[in-house]
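A look at the structure
These are the residues of each chain, in order.
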Amino acid sequence: MRSYQNQLNPNRNPSIIIQQADKIIPLDANKIALFHIEDDNVYAYTFDQSKHLLNQKLDILEKQFSPIFSEPIASFWSIAKL
């Protein structure tokens, strides 16, 4: 199914469905800064410093977002110095 979706719109970035209060909305991949595991929960942090609890496992997210997040944009040491 994913390959069929890519054929329809190969340039489209994936998104995650999240719940915000009583709404269910898509969170675009371009807004996600990182994924984080805390107390067995997976969170997405956005560039505007929002934190979203996800109901997906990190290995599923890795497969879904691997084309986008496969290359590191900065090393750990350069981030640690900030």
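Refer to the structure presented above.
The rules behind the values
Residues numbered from 1 in each chain as written. Predicted model: local features only at pLDDT ≥ 70, side-chain atom pairs only at ≥ 80, totals over all residues. Heavy atoms only, no water. Helix = DSSP H or I, 4+ residues; strand = E, 2+ residues; numbered from the N terminus. Buried < 20%, exposed > 50% of the residue type's maximum accessible area, 1.4 Å probe, protein only. Core = buried A, V, L, I, M, F, W, Y, C linked by side-chain atoms within 4.5 Å. Contact = heavy atoms within 4.5 Å. Salt bridge = Lys/Arg side-chain N within 4 Å of Asp/Glu carboxyl O. Pairing = 2+ DSSP bridges.

Below, the discussion takes up the environment of Gln 64. Mapped onto the secondary structure, Gln 64 falls in helix α2 (residues 58-69). Look at Gln 64 and you get buried, because its relative accessible area is 18%. Gln 64 sits 48 residues away from Ile 16 along the chain, and the two C-alpha atoms are 9.4 Å apart.

Turning our attention to the nonpolar core. Considering soluble globular proteins, one finds that nonpolar side chains tend to be buried as a cluster. By size, the foremost hydrophobic cluster in this structure holds ten residues: Ile 16, Ile 18, Leu 27, Ala 29, Ile 32, Val 42, Ala 44, Leu 54, Leu 61 and Phe 65. For this core, the elements supplying multiple residues, two or more each, are β1 (15-20), β4 (41-46) and α2. Those residues in contact with Ala 44 that lie beyond four places of it in its chain are Leu 27, Ile 32, Leu 34, Phe 35, Ser 50, Lys 51, His 52 and Leu 54.

A few words now on the pattern of salt bridges. Using the criterion set out here, one finds one salt bridge in the structure. Of the charged contacts, one joins Glu 38 and Lys 51 as a salt bridge, the two residues approaching to 3.5 Å between their closest N and O atoms. Of the two residues, Glu 38 sits in strand β3 (residues 32-38) while Lys 51 sits in strand β5 (residues 51-54), which places them 13 residues apart along the sequence. Classification of Glu 38 by relative accessible area gives partly exposed; the value is 29%.

Moving on: the pairing of strand β2 (residues 23-28). With six bridges connecting them, β1 and β2 associate as antiparallel partners. Across the sheet, the residue bridging to Gln 19 is Ile 24, located in β2. Hairpin connection, β1 to β2: the antiparallel pair is bridged by two residues, and Ala 21 has positive phi, about 55°.

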